[in-house]
Amino acid sequence: MGTRPKRAADKESSVEKHDGPDPGQVRIDDPWYDALASGWGELDGTGAPAPVVPPARGEQEDLSARAADVYLEVQRSAAFQEVRGRYRRFVIPAVAVFFTWYVAYVVTATTAPDFMARPVVGAVNVAMVAGLGQFLTTFLFTWAYARHARLRRDRAALDLRWDTQELTRSVAGGGR
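Residues numbered from 1 in each chain as written. Predicted model: local features only at pLDDT ≥ 70, side-chain atom pairs only at ≥ 80, totals over all residues. Heavy atoms only, no water.

Taking an unreviewed UniProt entry as the reference, the protein is identified by name as DUF485 domain-containing protein belonging to Streptomyces liliiviolaceus.

## Comments concerning the overall build of the protein
Just so we agree on the cut-off: Numbering of helices and strands runs from the N terminus, with a helix taken as a DSSP run of H or I at least four residues long and a strand as a DSSP run of E at least two residues long. Three labels apply to residues, based on accessible area from a 1.4 Å probe with only protein chains included: buried if under 20% of the type maximum, exposed if over 50%, partly exposed otherwise in between. Contacts: residue pairs with any heavy atoms within 4.5 Å of one another. For accessible areas, the Shrake-Rupley method is used with a probe of radius 1.4 Å. Any residue's cover is judged against the shown protein chains and nothing else.
Helix and strand content of the protein: four helices and two strands. Listing each helix as α and each strand as β along the protein from the N terminus yields α-α-α-β-β-α. Within the protein, the proportion of its 176 residues that are buried is 14%. Excluding contacts between residues fewer than 6 apart, the proportion of contacts in the protein whose partners are at least 24 apart in sequence is 54%. When the accessible surface of the protein is summed, it comes to about 14,200 Å², and 63% of that surface belongs to carbon and sulfur atoms.

## Observations regarding the pattern of salt bridges
Rules: For this document, the term salt bridge refers to a Lys or Arg side-chain nitrogen within 4 Å of an Asp or Glu carboxyl oxygen.
As enumerated under the stated definition, the model contains two salt bridges in all. Ionic pairing is found between Glu-82 and Arg-86, a salt bridge with its closest N-O pair at 3.0 Å. On the criterion of helical spacing, the pair formed by Glu-82 and Arg-86 is a turn pair, its members being four residues apart in helix 2 (residues 78–111). The class of Glu-82 is partly exposed, set by a relative accessible area of 36%. Salt-bridge contacts for Glu-82 lead to Arg-89; the nearest nitrogen and oxygen are separated by 3.3 Å. Exposure remark for Arg-89: the relative accessible area of 54% places this residue in the exposed category. Residues joined in a network through salt bridges with shared partners are Glu-82, Arg-86 and Arg-89.

## Let's talk about the packing of aromatic side chains
Short version of the rule: Note on aromatic contacts: the rings of Phe and Tyr and the six-membered ring of Trp form a pair at centre separations within 6.5 Å, being stacked when their planes are under 30 degrees apart, edge-to-face when over 60 apart, and tilted otherwise.
Applying the stated criterion across every chain yields a total of two aromatic pairs. Relative to Tyr-145, the ring of Phe-90 has its centre 6.0 Å away and its plane inclined at 50 degrees; by these criteria the two rings are tilted. Here Phe-90, found in helix 2, pairs with Tyr-145, found in helix 4 (residues 126–172); they are 55 residues apart in sequence, far enough to count as distant. Classification of Phe-90 as buried rests on a relative accessible area of 19%.

## What to know about helix 2
For clarity, the cut-off: In a helix, the anticipated span is given by 1.5 Å times the number of residues less one.
The end-to-end C-alpha distance of helix 2, which contains 34 residues, comes to 48 Å, matching closely the 50 Å that a straight helix rising 1.5 Å per residue would cover. All buried positions along helix 2 are accounted for by Val-83, Gly-85, Phe-90, Val-91 and Ala-94.

## So, the confidence of the model for the protein
Note the following rule: A residue's pLDDT is the confidence the predictor assigns to it, expressed on a 0 to 100 scale.
Per-residue confidence for the protein averages 76 on the pLDDT scale, and 61% of its residues sit at or above 70. Across residues 30–38 the pLDDT falls below 50, and counting only partners more than four positions away or on other chains, this stretch makes six contacts in the model. Taken as a whole, residues 53–57 scores under 50 in pLDDT and shows two contacts with residues more than four places along the chain or in a different chain.

Below is the structure:
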């Protein structure tokens, strides 16, 4: 037969590197063997080696308690209360108007079927116009909500979110 040149299919794959007399032994050229990928040998934010062992449970609870305090502090702030107030000043009246309009449509359809059957144009009656009005007002309220959020709340909420992240990052002990 003779010797033939090695083809790509004949080369040893990374899976085959583990087959052999001792499958528990990992070879150094294993692509999954990478100490830095597991966090060992990396530096933390101060330039010192990062701890290999996670902090003790008490330390983690202390960090989460301090982070919770940050969120409570932000929630009590005037900026957060202003964002929530703007949200409520739009949503509560909008829900009231839409719910009233919806209930009026349903009640009118059940209590006044002759009125709802009254033709408006050709085969189109009052019920069809009011039903299409339900869809139209849904889209109008969605547009108005998105516009209100974009113009009156998003910037302030984004600033609050940024401040909260900065505060929790400082509580956790460093940034990335």
